[in-house]
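# Examination of the molecular architecture
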Amino acid sequence: STPLLRCKSSTRIMAEEHFQKGNAAFVDEDFESSVRHYSDAIDQDDTNAEYYVKRSTAHLKRKNYTDALADAASAIQLNPKCARAYLRQGQAYFGVEDIQKAQVSLTQAEHHGETHSICKDLLDQCNLKLGTTTTTQQEDAATMPSSTSSLECSAADRIQHQWYQNSDFVIVSVMIKKLKNEDVSVTFAENTLSVDIKLSNGATYNLEIDTFYKYNSESSTYRVMSTKVEIKLKKCMQVQWPKLEGEGLDGSAGPSVAMAAGGGALARPPGYEAEQKWSKLLREAEQQEKDEKLEGDAALNKLFQDIYKDADEDTRRAMNKSFQESNGTVLSTNWKDIKKEKTPVKPPDGMEVKNW
């Protein structure tokens, strides 16, 4: 029994390695390679529903809807509650213009907790084409006055959200003015963000985002400002997010320098060693310039430059005023004295001032 256990463990490790290679290729938009790597992962472990979901996603990117449907169905068979598998199935049905089946799959995706915006958008399109609404929409329509429903839709349509990023955070801003703290609820999860806001007109604004990369939900924060709600998602790794919404990847294959989760050291990017050598040469050249013995006017100018560079604002003002007013014959660093009157010209001994 022990050799068999080891064999299964080794196979799953190999499968995960292929899976990560597939994710890396997917991020690079090399979908043909990602399909190949995901297939290798499935060859090693055909019991993991996520592998089929990812390969289905790659097939969708290549508009290979038949294979995308097959993989989505395999994922659902392995995990009947996999919301993302129903979403991929719905996308594939929509791609082959089987709108009725797409509607069923997308409704199942929502039922199992799918929050990706594309699910709602495609379901709305299906409902529009078929002239129907989802069960939830029908229940809402029966219990809510039509005026309130239209008010809520129009209010949400006007609200925008924006995002940008730095090395440590992804910042999402929901552009609503004059909110109170108690009107805003933000829920952080590993790769989803949920925002609920009570508007002054009685309507409710909801934003559901499935993030491109996973993020650190415990270190993420938000604050209610006078013009917006600012949400800061703490990156798990220092990688550039190509977009805000996506697959919830782990970020290990991101396009920029990666930082280990938990504040680890920066990984060395390509060309790091060459850059360090060049930086060392620059430091050595700068040191040689500092050590070089200057004479005459060059030495004096170097002295003045060093004093000016490290001086405070009053010292610099004194140096500028005294030097200009004395035609270069006086250089003072005492602003208290220099500011009182014009600095007289003081030529060197043996010389005199002539007005031309």
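Here the structure is a predicted model, which is why all the values come from computation and not from measurement. (Residues numbered from 1 in each chain as written. Predicted model: local features only at pLDDT ≥ 70, side-chain atom pairs only at ≥ 80, totals over all residues. Heavy atoms only, no water.)

### Considerations on the confidence of the model for the protein
It should be kept in mind that the predicted coordinates are not to be read in detail where pLDDT is low. Filter applied, for reference: pLDDT runs from 0 to 100 and stands for how confident the predictor is about each residue. Here, residues are in contact when the closest pair of their heavy atoms is within 4.5 Å.
Counting all residues, the mean pLDDT for the protein is 77, and 72% of those residues have values of 70 or more. Overall, residues 134-157 carries pLDDT values under 50, and its contacts beyond four positions in sequence, including any with other chains, amount to 16 contacts. Contacts of residues 256-272 to residues separated by more than four positions or lying in other chains number 24 contacts, the stretch itself having pLDDT below 50.

### Overview of the packing of helix α2 (residues 31-44) against helix α3 (residues 49-61)
Spelled out, the test is: The axes used here are C-alpha line fits, helices contributing only the stretch in contact, and every angle between their N-to-C directions lies in the interval 0 to 180 degrees. Secondary structure elements follow DSSP: runs of H or I of four or more residues count as helices, runs of E of two or more count as strands, with numbering from the N terminus. Roughly parallel refers to an angle under 35 degrees, roughly antiparallel to one over 145, roughly perpendicular to one between 65 and 115, and oblique to any angle outside these ranges. A crossing counts as left-handed when the near helix is turned anticlockwise from the far one by less than a right angle, and as right-handed when that turn is clockwise. Charged means Asp, Glu, Lys or Arg here, nonpolar means Ala, Val, Leu, Ile, Met, Phe, Trp, Tyr, Cys or Pro, and polar covers whatever is left, Gly included.
Two numbers describe how α2 lies on α3: the axes approach to 9 Å, and their chain directions differ by 160°. Considered as vectors, α2 and α3 are oriented roughly antiparallel to each other. In the packing of α2 onto α3, the handedness of the crossing is left-handed. Mapping the contact onto sequence places Phe-31, Ser-34, Val-35, Tyr-38, Ser-39, Ala-41 and Ile-42 in α2 and Tyr-51, Tyr-52, Lys-54, Arg-55, Ala-58, His-59 and Lys-61 in α3. Split by residue class, the contact of α2 with α3 holds 8 nonpolar, 3 polar and 3 charged.

### As for the pattern of salt bridges
Rules: Whenever a carboxyl oxygen of Asp or Glu lies within 4 Å of a side-chain nitrogen of Lys or Arg, that contact is scored as a salt bridge. For every residue, the accessible area (1.4 Å probe, protein chains only) is compared with the maximum for its type, and the residue is labelled buried under 20%, exposed over 50%, or partly exposed between those bounds.
Scanning the model with the defined rule gives 8 salt bridges in all. Glu-114 is the partner of Arg-84 in a salt bridge, and the nearest nitrogen-oxygen pair spans 2.8 Å. Pair noted here: Arg-84 is in helix α5 (residues 83-95) and Glu-114 is in the loop between α6 (99-111) and α7 (117-130), with a separation of 30 residues, a long-range link. Considered together, Arg-84 and Glu-114 belong to a single accessibility category, that of buried residues.

### Some remarks on the pairing of strand β1 (residues 161-165)
This is how it is decided: Any two strands with at least two DSSP bridges between them are considered paired.
As paired strands, β1 and strand β2 (residues 169-174) are joined by 5 bridges and run antiparallel to one another. Bridge pairing in β2 places Gln-162 opposite Ser-173. Taking the residues that link successive antiparallel strands as the turn, the β1-β2 hairpin has 3 residues.

### A few points about the nonpolar core
Spelled out, the test is: Here, the term nonpolar core denotes a set of buried Ala, Val, Leu, Ile, Met, Phe, Trp, Tyr and Cys residues that are joined through side-chain atoms within 4.5 Å.
Grouped together as the largest cluster of nonpolar side chains are 33 residues, with contacts concentrated most on Tyr-51, Ala-75, Ala-85, Phe-94, Leu-106 and Cys-126. When contributions to this core are tallied by element, the ones reaching two or more residues are α1 (2-27), α2, α3, α4 (65-78), α5, α6 and α7. Setting aside chain neighbours within four positions, we find Leu-106 in contact with Tyr-86, Leu-87, Gly-90, Cys-119, Leu-122, Leu-123 and Cys-126. Judged by nonpolar contacts, the second largest core, of 27 residues, contains Leu-193, Leu-207, Ile-209 and Val-229.

### Remarks on a negative patch on the surface
Note the threshold: Each patch is built from residues lacking any salt bridge and having more than 30% relative accessible area; the joining distance is 9 Å for like charges and 5 Å for nonpolar side chains (Val, Leu, Ile, Met, Phe, Trp, Tyr). Residue burial considers only the protein chains on display, and all accessible areas are found by Shrake-Rupley using a 1.4 Å probe. In this charge count, Lys and Arg are treated as positive and Asp and Glu as negative; neither His nor the chain ends contribute. Charge positions come from single atoms, namely NZ of Lys, CZ of Arg, CG of Asp or CD of Glu.
On the surface, a cluster of negative charge is contributed by Asp-28, Glu-29, Asp-30 and Glu-32. Structurally, Glu-32 can be placed in helix α2.

### Observations regarding the sheet that holds strand β5 (residues 204-210)
Two modes of strand pairing occur in sheets, parallel and antiparallel, and in both the strands are linked by backbone hydrogen bonds. In spatial order, the strands read β3-β4-β5; together these 3 strands make up an open sheet with antiparallel pairing. Across the chains shown, the open sheet's two edge strands, defined by having one partner strand only, are β3 (184-188) and β5. Going from strand to strand, the sheet's axes swing by 5° on average, the running direction of each strand aside.

### A look at α3
Threshold: Take the residue count of a helix, subtract one, and multiply by 1.5 Å to get its expected span. We define a polar contact as two N or O atoms separated by no more than 3.5 Å, with the added condition that, inside protein, one atom must be a possible hydrogen donor and the other a possible acceptor, whereas residues neighbouring each other in sequence contribute only through side-chain atom pairs.
For α3, spanning 13 residues, the distance from its first C-alpha to its last is 19 Å, which sits close to the expected 18 Å at 1.5 Å a residue. Ala-49, Tyr-51, Tyr-52, Val-53, Lys-54, Arg-55, Ser-56, Thr-57, Ala-58, His-59 and Leu-60 are the residues of α3 that are buried. The N-cap of α3, judged by a side-chain oxygen 3.0 Å from the amide nitrogen of Glu-50 a few residues on, is Asn-48. Downstream of α3 by one or two residues, Lys-63 has phi in the positive range, about 60°.

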